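Listed below are the residues making up each chain.
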Amino acid sequence: MDRKTETALKEHPCYDREAHTKFARMHVPVAPKCNIQCNYCNRKYDCSNESRPGVTSEILSPEEAAEKIGIVKEKIPYLRVIGIAGPGDPLANEETFRTLELVNERFPDLTLCVSTNGLALPENAQRLYDLGVRFLTVTMNASDPSVGASIYGRVQWAGELYAGTEGAEILLRNQLDGIKKCVDLGMMVKINVVMIPGINDDHIPELVKKVKALGVYIVNILPLIPVDGTKFSDRRAPTPEERKKLMDRCELDVKMMRHCRQCRADAVGLLGEDRSSEFARMGSCRAGCGPSGDLSGPSLVSVDESGPVRIAVATSDGKNVDSGFGNASRFDVYEVSNNGVKLIRTIATDTSKQVAGGSHKEHIERTADLLNDCSVIVVKEIGPMPSKLLEGRGKTIRISSGTIGKKTFRPD
Ligand code: CLF
Ligand code: SF4
């Protein structure tokens, strides 16, 4: 590892746990297209490779991305890493390379980081290296094509579409080949694995051993977030205990990342402090998505001149208010304005710290940080400590349950 990469490693919030409270990363959403279909991904949402499935507020051109980096850098002097993580697959979009070129030219002091599904990695490894990329993530959910066949719907390779084991085989071959090339070039490679109970959970230790042998630096096991409109919408997420047990087991073989925030494709700031809305051109959400039920149309809440209201809803499935504040694995954030209700992002909480005592308080504080741009929090239940904390931050807490619909967003 050269001296520059060594310093960058110490200041990379995802690769170094200590760094994540001191240094910020910024994702530039320049890559909307994808070359595969994961069964947990809905195209209306960000790529789950590297970002939890919430919509990105905007797609930027490479020039716009460079301009935005300049603005963010002024305001966040502890910004160190520029990541390209979707909302599709970065290597399926030529804009990724142009963006890397521009960032390299204009901000040579910033570290470049790319996250990919790995399909197009073999032919792009050298190109990424030459453009200055030293940190690369590959999302790899299977090291056996028969497992991969249950996870990937289709793979688009060399102008053809492949499905089932055949598609999974091509993807796996390219992932392994690409990882090896990147490691040999001297890049710090991270593997993200989405843990899908009943599909790949038993298989993950074997996968970890395989990538360790290739020389990867760190592995990050993310929980599946079941998303509406996908093949896996009815599957369950792993429990925090199941995930912790798996991470403990895999840690015997390789360094584990345990502080991932499954951030969005346009995330900005420290990992625990998403400031994307501060820098987004709001109102250009391309997804136009929302929960089931009729939520479009005129005003559902009183919205004053200060503009739209953001409401966070504790939900495990995106359809019902069914979680307490402290144990929610997910919050859906809606923007409510006179034009209607729009789902703008989904936040996965770090449920690995939901235990009693100090860690629980820490978990509550971190969850509250994630919702800092929301003025109303809708939950099924909430304890006195989180209530006090949220009220102290000026939030309105609304207790509700059942289907997410008009009543969820109406003022009391
Ligand atoms: Fe972004 Fe990913 Fe680079 Fe980090 S995120 S491209 S390695 S700069 Fe980090 Fe976010 Fe987890 Fe990714 S917390 S989702 S691991
Ligand atoms: Fe979705 Fe990312 Fe998978 Fe592509 S690689 S299908 S964008 S999760």
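This text follows the structure it describes.
Below: a short report on this structure. (Residues numbered from 1 in each chain as written. Chains lettered and ligands numbered in written order. Predicted model: local features only at pLDDT ≥ 70, side-chain atom pairs only at ≥ 80, totals over all residues. Heavy atoms only, no water.)

So, the sheet that holds strand 16 (residues 376-379)
1) Next: What the five strands build is an open sheet, ordered 15-14-12-16-17; its pairing is mixed. Single-partner strands in this sheet number two, and they are strand 15 (340-348) and strand 17 (396-399). Shown here is a sheet whose adjacent strand axes are inclined to one another by a mean of 25°, direction ignored.
2) Next: For strand 12 (residues 309-314) and strand 14 (residues 330-337), the ladder comprises six bridges, and the chain directions are antiparallel. (Pairing = 2+ DSSP bridges. Helix = DSSP H or I, 4+ residues; strand = E, 2+ residues; numbered from the N terminus. Axes fitted to C-alpha atoms, helices over the stretch in contact; angles between N-to-C directions.)

Describing helix 2 (residues 62-75)
Residue pairs spaced three or four apart in an α-helix point in one direction, given the helix's 3.6 residues per turn.
1) Next: A rise of 1.5 Å per residue sets the reference length of helix 2, with its 14 residues, at 20 Å; its end C-alpha atoms lie 20 Å apart and thus fit the reference within 8%.
2) Next: Within helix 2, burial applies to Pro62, Ala65, Ala66, Lys68, Ile69 and Val72. For helix 2, the arc enclosing every buried residue in end-on projection is 165°, short of the 170-degree limit, so these residues lie on one face. Along helix 2, the residues that are exposed and aim more than 90 degrees away from the buried face are Glu67, Glu74 and Lys75.
3) Next: Next to the buried residues of helix 2 lie strand 1 (24-27), strand 3 (79-84), helix 3 (94-106), strand 11 (268-269) and helix 9 (276-279). (Expected span 1.5 Å × (residues − 1). Buried < 20%, exposed > 50% of the residue type's maximum accessible area, 1.4 Å probe, protein only. Arc of directions from axis to C-beta. Contact = heavy atoms within 4.5 Å.)

A short note on the environment of Val376
1) Next: Within the secondary structure, Val376 is located in strand 16.
2) Next: As a C-alpha pair, Val376 and Arg310 span 66 residues in sequence and 6.7 Å in three-dimensional space.
3) Next: Sequence-distant contacts of Val376, defined by excluding residues within four places in its chain, comprise Val309, Arg310, Ile311, Ala312, Thr396 and Arg398.

Regarding the sheet that holds strand 3
1) Next: Strands sit in the order 10-9-8-5-4-3-1-11 across an open sheet of eight strands; the sheet is mixed. Each edge of the open sheet carries a strand with a single partner, namely strand 10 (256-257) and strand 11.
2) Next: Pairing analysis gives four bridges linking strand 4 (residues 111-116) to strand 5 (residues 135-139), with the strands arranged parallel. Considered in strand 5, the bridge of Val114 is made with Leu136.
3) Next: Sheet strands touched by helix 8 (residues 240-250): strand 8 (188-195), strand 9 (218-223) and strand 10. Its angle to strand 9, the strand with the most contacts, is close to 165°.

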